[in-house]
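# Fold and contact review
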Amino acid sequence: MRLQDVGRLWLLLGALALCLGLCSPTAAAKGDLTVLVNRQAVSAWVDDAGLVYVELEGFCQAASGQARVMERGGVVTVELADLSITAQLGQQYFFANGGYRFCGVTGTVQRRYGKRYVPLEPLAALFSASVEEGDCKITVQTAGQSQCLATLGAQYQEEDLYWLSRIISAEARGESLNGKIAVGNVVMNRVASDLFPDTIYGVIFDTLYGVQFSPVANGSVYDEPTEESILAARLVLDGAEVTDTALYFENEAIAASSWVSRNREELFVLGNHTFYA
């Protein structure tokens, strides 16, 4: 989650705020921040990119009224009545009741002041929480433990994981985790689009306008996927998004055709791939 940029304050208002010791949203755009979870203050901060981090144990304690914390080998586990969260320092994701929660393109599990911090947005989503931003503070109201369970551990077919991990591995081997997730997003975006088949297998092996993915043509889609490709596929199936609009991508250095670059709107470049709408 990113704090909204509300623009510059008038000089007079800025001077008045300074005199009164007040804080403007602009001043809170980086550094420490107040987050109220069910009216309880929880340690939080905003990084250089504007991503809000919140202390994991404190948030869980405020959200549920109880939290038991265990740490071993750099891995911290927070146990609640019916929710278990596991996070490892430096990872772009954490686990919740067996499901994967993506920290975002730039987000990671971090240690600060001797405690673990994770991005606010995926953590708040576990509790179906409402999040409201205000001057120098964010207010979070959770919906309750029973309601949060409905959002956990997205169920998917093993066949979906099988094929999605293989197309990610064949297309994005050597790319970053973000790059792998983006390729998986393209497949899922096609599944959701009326222009393509409505299953992962159908999208990968779609031949209505010719073979859509070169690994299908050269057979590499059948190769055993890398571990990180399997991880990326699990993250995508559990809702991780780098792009929710891209329907095409290509490695322009090795692309057999320039049809995509000539006919589709370019969105962004990530690693060796250019993504298109």
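Only a predicted model underlies this, so the values are computations on that prediction, with no experimental measurement involved. (Residues numbered from 1 in each chain as written. Predicted model: local features only at pLDDT ≥ 70, side-chain atom pairs only at ≥ 80, totals over all residues. Heavy atoms only, no water.)

## A few points about the pairing of strand 11 (residues 130–134)
Pairing geometry for strand 11 and strand 12 (residues 137–141), over five bridges, is antiparallel. Residue pairing across strands places glycine 134 opposite lysine 137, the latter belonging to strand 12. In this antiparallel pair of consecutive strands, strand 11 and strand 12, the connection spans two residues, and cysteine 136 shows a positive phi of 65°. (Pairing = 2+ DSSP bridges. Helix = DSSP H or I, 4+ residues; strand = E, 2+ residues; numbered from the N terminus.)

## Structural notes on the sheet that holds strand 4 (residues 68–72)
Strand pairing within a sheet occurs via backbone hydrogen bonds; the two strands may be parallel or antiparallel. The sheet built from five strands is open, its strands ordered 4-5-6-7-8 with antiparallel pairing. Looking along the sheet, the strands with just one partner apiece sit at the ends: strand 4 and strand 8 (99–102). Within the sheet, the average angular offset between the axes of one strand and its neighbour, ignoring direction, is 20°. Relative to strand 6 (residues 84–88), strand 5 (residues 75–79) runs antiparallel, the two sharing five bridges. Bridging from a neighbouring strand, valine 75 pairs with glutamine 88 of strand 6. Here helix 9 (residues 227–237) sits on the sheet in contact with strand 7 (93–96) and strand 8, set at roughly 85° to strand 8. (Axes fitted to C-alpha atoms, helices over the stretch in contact; angles between N-to-C directions. Contact = heavy atoms within 4.5 Å.)

## Some thoughts on the side chain of glutamate 55
In this fold, glutamate 55 is placed in strand 3 (residues 52–55). Despite its burial, glutamate 55 pairs with no opposite charge, the nearest such side chain being lysine 115 at 4.2 Å. Apart from the residues lying within four places of it in its own chain, the contact partners of glutamate 55 are Val42, Ser43, Lys115, Arg116 and Tyr117. (Buried < 20%, exposed > 50% of the residue type's maximum accessible area, 1.4 Å probe, protein only. Lys, Arg positive; Asp, Glu negative; His and termini not counted. Salt bridge = Lys/Arg side-chain N within 4 Å of Asp/Glu carboxyl O.)

## Looking at unusual backbone geometry
The backbone of asparagine 38 shows a phi angle near 50°, a positive value even though the residue is not glycine. Its location among the elements puts asparagine 38 in the loop between strand 1 (31–37) and strand 2 (40–46). Despite not being glycine, arginine 39 has its phi angle at roughly 75°, a positive value. Relative to the assigned elements, arginine 39 resides in the loop between strand 1 and strand 2. Overall, the relative accessible area of 80% leaves arginine 39 in the exposed class.

On their own, these measurements won't tell you what the molecule is for.
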